[in-house]
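Observations on the three-dimensional arrangement
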Amino acid sequence: GSIDPLRDVETINLELIFADLERLDKATQKAKKLAKSGDGLYNLQLSVYERIQTALEQGMPANAMDLTDEELPILKELCLLSAKPVIIAANISEKEFPNGYADNENYQKLASYANE
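Below: a short report on this structure. Please read these numbers as outputs of a predicted model, since none were measured by experiment. (Residues numbered from 1 in each chain as written. Predicted model: local features only at pLDDT ≥ 70, side-chain atom pairs only at ≥ 80, totals over all residues. Heavy atoms only, no water.)

A few points about the pattern of salt bridges
Short version of the rule: Each reported salt bridge corresponds to a side-chain nitrogen of Lys or Arg within 4 Å of a carboxyl oxygen of Asp or Glu. For the purposes of this entry, the term helix denotes a DSSP run of H or I that reaches at least four residues, the term strand denotes a run of E that reaches at least two, and both are numbered from the N terminus. Relative accessible area decides the class of each residue, using a 1.4 Å probe on protein chains only: under 20% of the type maximum gives buried, over 50% gives exposed, and in between gives partly exposed.
Overall, the coordinates contain four salt bridges when judged by the stated rule. With a shortest N-O distance of 2.7 Å, Arg51 and Glu71 are connected by a salt bridge. Separated by 20 residues along the polypeptide, Arg51 in helix H2 (residues 40–57) and Glu71 in the loop between H2 and helix H3 (72–78) bring together distant segments of the chain. Under the relative-accessibility criterion, Glu71 is labelled buried at 11%. Residue Glu105 pairs with Lys109 through a salt bridge whose shortest N-O separation is 3.7 Å. Of this pair, Glu105 and Lys109 both sit in helix H4 (residues 105–115), separated by four residues, roughly a single helical turn.

Examining H2
Counted only if it meets this: Expected helix span is computed as 1.5 Å times (number of residues minus one). Contacts were defined at the residue level, with two residues in contact if any of their heavy atoms lie within 4.5 Å.
Over its 18 residues, H2 runs 26 Å from end to end, which matches the ideal 26 Å to within 8%, given 1.5 Å per residue. Restricting attention to buried positions, one finds in H2 the residues Gln45, Leu46, Val48, Tyr49, Ile52, Ala55 and Leu56. Buried residues belonging to H2 abut helix H1 (5–35) and H3. Immediately beyond the C-terminal end of H2, within one or two residues, lies Gly59, with a positive phi of roughly 85°.

Re the packing of H1 against H4
Selection criterion: Where helices are involved, their axes are fitted lines through C-alpha atoms of the stretch in contact, as for all axes, and angles between N-to-C directions lie from 0 to 180°. Any angle from 65 to 115 degrees is called roughly perpendicular, while one under 35 is roughly parallel, one over 145 is roughly antiparallel, and all others are oblique. Under the convention adopted here, Pro, Cys and the residues Ala, Val, Leu, Ile, Met, Phe, Trp and Tyr are nonpolar, Asp, Glu, Lys and Arg are charged, and Gly plus all remaining residues are polar.
In contact at an axis separation of 9 Å, H1 and H4 are set at 40° when each is read in the N-to-C sense. Taken together, the axes of H1 and H4 lie oblique to each other. Contact with H1, carried on its side by Pro5, Leu6, Val9 and Asn13, involves Asn106, Lys109, Leu110 and Tyr113 of H4 and no other residues of that element. Classifying every residue of the contact of H1 with H4 gives five nonpolar, two polar and one charged.

Here is the structure:
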């Protein structure tokens, strides 16, 4: 029943990461089968997948990863939810808005989080 926008953002991020881990697991299984053909592309994919999995398991979204120009297309092909751009919207009551939403504690928390 309490209002905590940072907790809500954290919950949403975790749900996206869990969905991404499931998607990544399927892609990894497929790449492992194809890597048996000897094509080096699949070995590179598996390497990138492993790095992404490690980051996701540490709670880091895919869009925060530092990937090379060669690795970036591999990430894009996965269509991971946490790799998408993020928009954070603060829901502020009509009563608070005219008085200056910048003074709203929850807005300040969200703005600080977004700036980081």
